[in-house]
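What follows is each chain in one-letter form.
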Amino acid sequence: MKKVGIMVGRERTFPRAFIERVNGRGAGVEAEWVKLGGTALDLPNPYAVIVDRISHEVPYYQLYLKHAHLQGVTVINNPYARLVEDKFTANYIAQQQGVAVPRSVILPNKEYIADINSESLSNLLHPLDWQAITDYVGLPAVMKPAVGGGWKSVSIVHSLPEMIAAYDRSGQLSLIVQEFIQWDRYLRCICIGRQKVLPIAWDPNRPFHERYRTDPGYLSAELGARVVDEALRLCRGLGHDMNTVEFAIRDEVPIAIDFTNSAPDFDVASLGEWHFNWVVEAMTDLVIEKALAHPPVPTLTWS
Ligand SMILES: Nc1ncnc2c1ncn2[C@@H]1O[C@H](COP(=O)(O)OP(=O)(O)O)[C@@H](O)[C@H]1O
Ligand SMILES: [Mg+2]
C-alpha cells in the first residue's frame, strides 16, 4: 500500500474530503495526516507523496519537506521551487513563457536589520528616481510585497505622494510597484498537476466567500482556451502542481496578476460546492497517479 500524507494549517474541509476521497478509491493508496515532531537525518520517510498546505507558515515543516524531497517523496508543491519563489521573478518567468504581465519595478527596501547602515549600502543609488518609476509603471499603481499573500500590505496608489507614503510604510518588505491593470473581467484559475485548469469568474471586490462566480458565458471559447494554455505555461514554468492563477482581462488580453499561490485557499466556503468537488477530485487523481508512479529509489537531487 502506497502512503500519501497531507500537512495542513487551520483548514479542515479540504483535507478531510481529500483523505476520504483518496481512501474511498480503493486504488492501493492510503491517505492520512502527516504526524511529525523532531526528524532524524537517517529516518526514512514513509510517504510516496506529501501534499503541503502550510509549510509557508511553519519553518520546521520546510526543512522536513526538503529532506523528504531528497529522499524521493513527491512533495506537492516542490519545496525547493516554492522557497525560491517571489512575485518579481515569477513575473519574469511569465514573460519568458509568453504570458503578459503588468509593467513592474522591484524597489530597494525602506528599512533594514539593525546591523545595516548607509556604509553597508554602497551599491544603492540615492535618492530613488520616483519620477522615472511612475513614468514606467503609470498611475494608478499597485504596491505589494514580492513575497507575500493574503492581500497583506497591498496598496493602490493614485499619485506620487501616495506612492512614496506607501513605500515609507513598507519597513523591511521588498516591494513591487506595478502598473494597475484596468480590467473588464477577472478570473481565477485552479491549476492541478500542471495538466488540469478550471478557470472561474472571480470578483476581487466582493467578500471572500462571494468571490467565485458561476457565469458560463464569461469568456468566449477562444479566450477560455487561451487562458487555460497560459495558466499551464505559468505552472510549468514555476514548477507548481497545485496553484491558483489570476488573470485580469483587458481588451481581450489576459494579463497574469497573482500566480504564485502554492497553498491556495481550497475551503468549501470560498470555492462553493461544485468547484470544491472539482478540486478534491483533481487532487485525488494527481496524488494517486504520483503515488503509483513513485520511484522506489531516492532521487537525491534538488531539481
Ligand atoms: N497589477 C494589478 N492590477 C490590478 N489589480 C491588481 C494588481 N495587482 C494586484 N491586484 C489586485 O489586488 C489583489 C491582491 O494582489 P495579489 O497580487 O493577489 O496579492 P496577494 O498575493 O497578497 O493575494 C489581486 O487579487 C487583484 O485584485
Ligand atoms: Mg492574491
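Residues numbered from 1 in each chain as written. Chains lettered and ligands numbered in written order. Predicted model: local features only at pLDDT ≥ 70, side-chain atom pairs only at ≥ 80, totals over all residues.

## Considerations on the environment of Leu-41
Reasoning step 1: Note on placement: Leu-41 falls in the loop between β2 (29–33) and β3 (49–52).
Reasoning step 2: It is 32 Å that separates the C-alpha atoms of Leu-41 and Asp-265, two residues lying 224 residues apart in sequence. (Helix = DSSP H or I, 4+ residues; strand = E, 2+ residues; numbered from the N terminus.)

## A few points about the sheet that holds β3
Reasoning step 1: Taken in spatial order, the 4 strands of this open sheet run β2-β1-β3-β4, and their pairing is parallel. Single-partner strands in this sheet number two, and they are β2 and β4 (74–76). Each neighbouring strand pair of the sheet contributes to a mean axis angle of 20°, computed without reference to strand direction.
Reasoning step 2: Across 5 bridges, strand β1 (residues 2–7) lies against β2 in parallel orientation. The residue of β2 that forms the bridge with Val-4 is Ala-31.
Reasoning step 3: Against the sheet, helix α1 (residues 13–24) makes contact with β1 and β2, and its axis sits at roughly 160° relative to β2, the strand it touches most. (Pairing = 2+ DSSP bridges. Axes fitted to C-alpha atoms, helices over the stretch in contact; angles between N-to-C directions. Contact = placed C-beta atoms within 7 Å.)

## Considerations on the domain arrangement of the chain
You'll often see interface size given as the accessible area lost when the parts meet.
Reasoning step 1: Splitting the chain by domain gives domain 1 (2–79 + 287–292), domain 2 (86–100 + 181–261) and domain 3 (103–179).
Reasoning step 2: For domain 1 versus domain 2, the separation of C-alpha centres amounts to 26 Å. (Domains from an automatic or database assignment.)

## Re the site of ligand 1
Reasoning step 1: Around ligand 1, the surrounding shell holds 18 residues, and the nearest of these are Pro-102, Gly-149, Ile-181, Pro-204 and Asp-258.
Reasoning step 2: Breaking the shell around ligand 1 down by element, the ones donating at least two residues are β6 (141–145), β8 (175–179) and β12 (242–250).
Reasoning step 3: Here the residues of the shell around ligand 1 sort into 9 nonpolar, 4 polar and 5 charged.
Reasoning step 4: Counting contributing residues per domain, the shell around ligand 1 is built from domain 2 (86–100 + 181–261) and domain 3 (103–179), each supplying no fewer than three. (Near = placed C-beta within 6 Å. Nonpolar A, V, L, I, M, F, W, Y, C, P; charged D, E, K, R; others polar.)

## Regarding the nonpolar core
Reasoning step 1: Residues Val-4, Val-49, Ile-50, Leu-234, Ala-256 and Val-287 are the most contacted members of the largest nonpolar core, which totals 56 residues.
Reasoning step 2: The dominant element in this core, judged by the number of residues it contributes, is helix α9 (residues 273–292), at 7 residues.
Reasoning step 3: Structurally, this core is a two-domain feature, drawing no fewer than three residues from each of domain 1 (2–79 + 287–292) and domain 2 (86–100 + 181–261).
Reasoning step 4: When neighbours within four sequence positions are excluded, Val-287 is seen to be in contact with Val-4, Val-22, Val-49 and Val-51.
Reasoning step 5: Membership of the second largest hydrophobic core comes to 11 residues, among which are Ala-141, Ala-166, Tyr-167 and Val-177. (Core = buried A, V, L, I, M, F, W, Y, C linked by C-beta atoms within 7 Å. Buried ≥ 20, exposed ≤ 12 C-beta atoms within 10 Å, placed from the backbone.)

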